[in-house]
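# Breakdown of the fold
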Amino acid sequence: MSSRQITDIKAREILDCRGWPTVQADVYVGGQLCGRADVPAGRSTGAHEAHVLTDGDPKRYRGLGVKKAVANVCGPIRDALLGMDAAAQRKIDFTMIELDGTANKSKLGANAILGVSLAVARAGAACAGVPLYQYLNPCSHVLPVPLMNFLNGGKLTANDLEIQEFIIMPVGAENYAHALQMTTEINECLRGLVIDKYGILATNTGDEGGFATPMRGIWEPFEFLQRAVEKAGYKSGFGEDVVYALDCAATHWHDKTTGLYTLDGKQYERDALIDLYRQVAGKYPLGSMEDPLDEEDFDGFAKVVKVLPETQIVGDDLFVTNVDRLRIGVRRGAANAMLFKVNQIGSLSQAFDAAEFAYRNGYGVQVSERSGETEDALISDLVVTLNSGQIKTGMPIRGERTSKHNRLLQIEGELGSVATYAGHAFRRPR
Ligand code: PGA
Ligand code: ZN
């Protein structure tokens with residue numbers, strides 16, 4: 001019997017940071033618990049994401065229980081994987097994908113498959129006796145620039161701001177620890193500015209930890225960010241301390257019937273919206289912009305790339321970490337980076353395939369949290385594994401977000417002198 005043979009797999013229903021049920025999976029090797037992982041959940045989801053299997057029983061959690069997915073882990077998935085080598089990640093992932101047999105994992109549930117896929121990776125690392133990032137890539141060394149989500153809107157809050165995330169990227173930090181320090185200093189200045197104008201209630205936070213204020217439109221949030229940066233003693237600009245970024249999540253304020261986008265009470269045709277983005281990028285250093293347009297508008301995403309040559313254009317709902325959608329994007333020149341969310345596709349191997357395809361085609365990869373997270377910090381290891389140079393994991397407040405930032409601090413310490421902070425080179429780290 002190989003010393004890495006899987007001897008048991010268990011799962012349970014746990015809660016994410018919104019109090020909604022999700023799957024936690026355990027993988028045993030040689031009778032010992034060796035790998036455990038939690039499955040995150042989105043709220044501002046793309047239409048083409050893999051299927052999250054919920055129970056639909058209105059008597060429990062208003063239908064959102066995941067006991068069926070848990071039963072699939074403890075039943076058919078366990079039966080198929082017992083005795084397999086915990087280091088055979090790809091073989092294990094594709095065994096589960098074949099067992100499911102559907103294109104979007106709707107039979108067993110992407111939440112069931114992903115939980116096991118991630119727990120297997122942890123078990124493999126434990127057997128090898130090395131940290132997960134090192135197990136998955138012995139050349140891991142790049143600490144990412146965090147995309148700090150200072151002001152929340154869209155589906156992540158209960159305010160009237162359509163654009164979901166107004167972000168500061170501390171590209172000029174010396175290292176990850178310094179990036180966190182800069183973030184907190186700027187956030188404290190922003191808090192004061194928000195209180196001055198809108199009162200203390202406006203400092204309540206959204207799902208990803210940014211203030212959920214009554215600000216409107218696109219200009220006012222940028223003015224606040226800029227003033228907070230200056231008040232904290234930093235400079236914005238390419239080559240300076242910070243640049244800005246957005247997740248527009250525009251699918252969610254786009255009307256599929258009229259084709260119009262409604263922002264702060266005004267309606268925009270696609271080209272008028274792109275022109276607004278051009279004006280913003282002319283005034284503020286916009287390092288990165290995610291989902292500027294509707295998730296089906298590949299040609300529009302190609303246009304944004306041309307109009308904003310200095311800004312990284314990221315596809316989240318557009319690509320859903322799916323190599324087939326990324327292939328269409330590459331062919332049509334849509335976006336130039338992919339958001340990497342493991343649960344959008346539902347297995348580690350397929351998410352890595354998408355990242356690999358992105359890199360081969362000159363696209364960047366931005367690893368991301370979901371708005372519904374647990375304290376599991378696995379994506380911190382993944383971003384270093386991919387040497388991707390950029391991570392979106394919320395403001396460093398509340399356990400489900402600080403766990404990721406604190407894990408990156410640990411990794412930075414473990415890597416010591418070989419750690420490289422991506423900094424200004426976040427799109428193409430060295
Ligand atoms: P989600 O939001 O996790 O709810 O999808 C985050 C995002 O859109 O990037
Ligand atoms: Zn997004």
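## Some points on the overall build of the protein
- If you tally the helices and strands in the protein, you get 13 helices and 16 strands.
- Over its C-alpha trace the protein gives a radius of gyration of 21 Å, about what one expects of a compact globule, namely 22 Å for 430 residues.
- Principal-axis analysis of the C-alpha atoms gives the protein an extent of 65 × 55 × 45 Å.
- A buried classification covers 59% of the 430 residues belonging to the protein.
- Sequence-distant contacts, at least 24 apart, represent 70% of the contacts inside the protein between residues at least 6 apart.
- For the protein, the accessible surface area stands at approximately 16,000 Å², while carbon and sulfur atoms represent 50% of it.
- Treating the 46 positive side-chain charges of the protein as one cloud and the 54 negative ones as another, the clouds have centres 3 Å apart.

## Some words on the domain arrangement of the protein
- We note that the domain assignment places domain 1 (6–129) and domain 2 (142–425) within the protein.
- With centres defined by C-alpha atoms, the gap from domain 1 to domain 2 works out at 27 Å.
- Counting residues at the interface gives 33 residues for domain 1 and 30 residues for domain 2.
- Taken over both partners, the interface formed by domain 1 and domain 2 buries close to 2,600 Å², and the fraction arising from carbon and sulfur atoms is 51%.
- In this structure, the connection of domain 1 to domain 2 is made through five salt bridges.
- When the shortest N-O distance is used, the salt bridge between Arg122 and Asp376 registers 2.9 Å.
- Counting across the domain 1 and domain 2 interface gives 26 residue pairs in polar contact (both at pLDDT 80 or more).

## Quick word on a nonpolar patch on the surface
- Taken together, the side chains of Leu15, Trp20, Tyr61 and Leu64 present a nonpolar region at the surface, about 340 Å² in accessible area.
- Looking at the element boundaries, Leu15 is found in strand E1 (residues 6–15).
- For Leu15, a relative accessible area of 42% gives the class partly exposed.

## Quick notes on the pairing of strand E11 (residues 286–290)
- Taken across its five residues, E11 has five buried, putting it largely inside the fold.
- Of the pairings in the sheet, the one linking strand E8 (residues 243–247) to E11 comprises four bridges and is parallel in character. The residue bridging Tyr244 from the neighbouring strand is Leu286, located in E11.
- Alignment of E11 against strand E12 (residues 312–315), held across three bridges, turns out to be parallel.

## So, the site of ligand 1
- The environment of ligand 1 is made up of 14 residues, and the closest members are Arg43, Ser44, Arg370, Ser371 and Lys392.
- Ser44 places a main-chain nitrogen or oxygen 2.7 Å from an oxygen atom of ligand 1.
- In the environment of ligand 1, an oxygen atom lies 2.7 Å from a nitrogen or oxygen atom belonging to the side chain of Arg370.
- In the complex, 100% of the free accessible area of ligand 1, which totals 280 Å², lies under the protein chains.
- Here the residues of the shell around ligand 1 are counted per class, giving one nonpolar, four polar and nine charged.
- Each of domain 1 (6–129) and domain 2 (142–425) contributes no fewer than three residues to the shell around ligand 1.

## A closer look at the pattern of salt bridges
- Within this structure, the stated rule accounts for 36 salt bridges.
- Its salt-bridge partner being Arg370, residue Glu49 comes within 3.1 Å of it at the nearest N-O pair. Taken together, the positions of Glu49 in the loop between strand E3 (32–38) and helix H1 (67–81) and Arg370 in the loop between strand E14 (364–368) and helix H12 (378–385) put the pair 321 residues apart, joining distant regions of the chain. Each of the two residues, Glu49 as well as Arg370, counts as buried.
- The salt bridge involving Arg401 is made with Glu400; its shortest N-O contact spans 3.2 Å. We note that Arg401, like Glu400, is buried.

## A few points about the coordination of the zinc ion (ligand 2)
- For the zinc ion (ligand 2), the full set of protein donor atoms is Asp247 (OD), Glu290 (OE) and Asp316 (OD), and the range of their distances to it is 2.0 to 2.2 Å.
- In primary sequence terms, the donor set of the zinc ion (ligand 2) follows D-x42-E-x25-D. Separated by 43 residues along the polypeptide, Asp247 in strand E8 and Glu290 in strand E11 bring together distant segments of the chain.
- Note on Asp247: relative accessible area 0%, which makes it buried.
- Taking the relative accessible area as the measure of exposure, Glu290 reaches 2% and is therefore buried.

Here is what the cut-offs are and how they apply
Residues numbered from 1 in each chain as written. Chains lettered and ligands numbered in written order. Predicted model: local features only at pLDDT ≥ 70, side-chain atom pairs only at ≥ 80, totals over all residues. Heavy atoms only, no water. Helix = DSSP H or I, 4+ residues; strand = E, 2+ residues; numbered from the N terminus. Rg over C-alpha atoms; globule rule 2.2 N^0.38 Å. Buried < 20%, exposed > 50% of the residue type's maximum accessible area, 1.4 Å probe, protein only. Contact = heavy atoms within 4.5 Å. Areas by Shrake-Rupley, 256 points an atom, 1.4 Å probe, with all protein chains shown as cover. Lys, Arg positive; Asp, Glu negative; His and termini not counted. Charge placed at Lys NZ, Arg CZ, Asp CG, Glu CD. Domains from an automatic or database assignment. Buried area = accessible area lost by both parts, 1.4 Å probe. Salt bridge = Lys/Arg side-chain N within 4 Å of Asp/Glu carboxyl O. Polar contact = N/O pair within 3.5 Å; in protein donor to acceptor, adjacent residues only side chain to side chain. Patch = residues over 30% accessible without salt bridge, like charges linked within 9 Å, V, L, I, M, F, W, Y side chains within 5 Å. Pairing = 2+ DSSP bridges. Near = heavy atom within 4 Å. Nonpolar A, V, L, I, M, F, W, Y, C, P; charged D, E, K, R; others polar. Donors = N, O, S within 2.8 Å, 3.2 Å for Na, K, Ca; no water.

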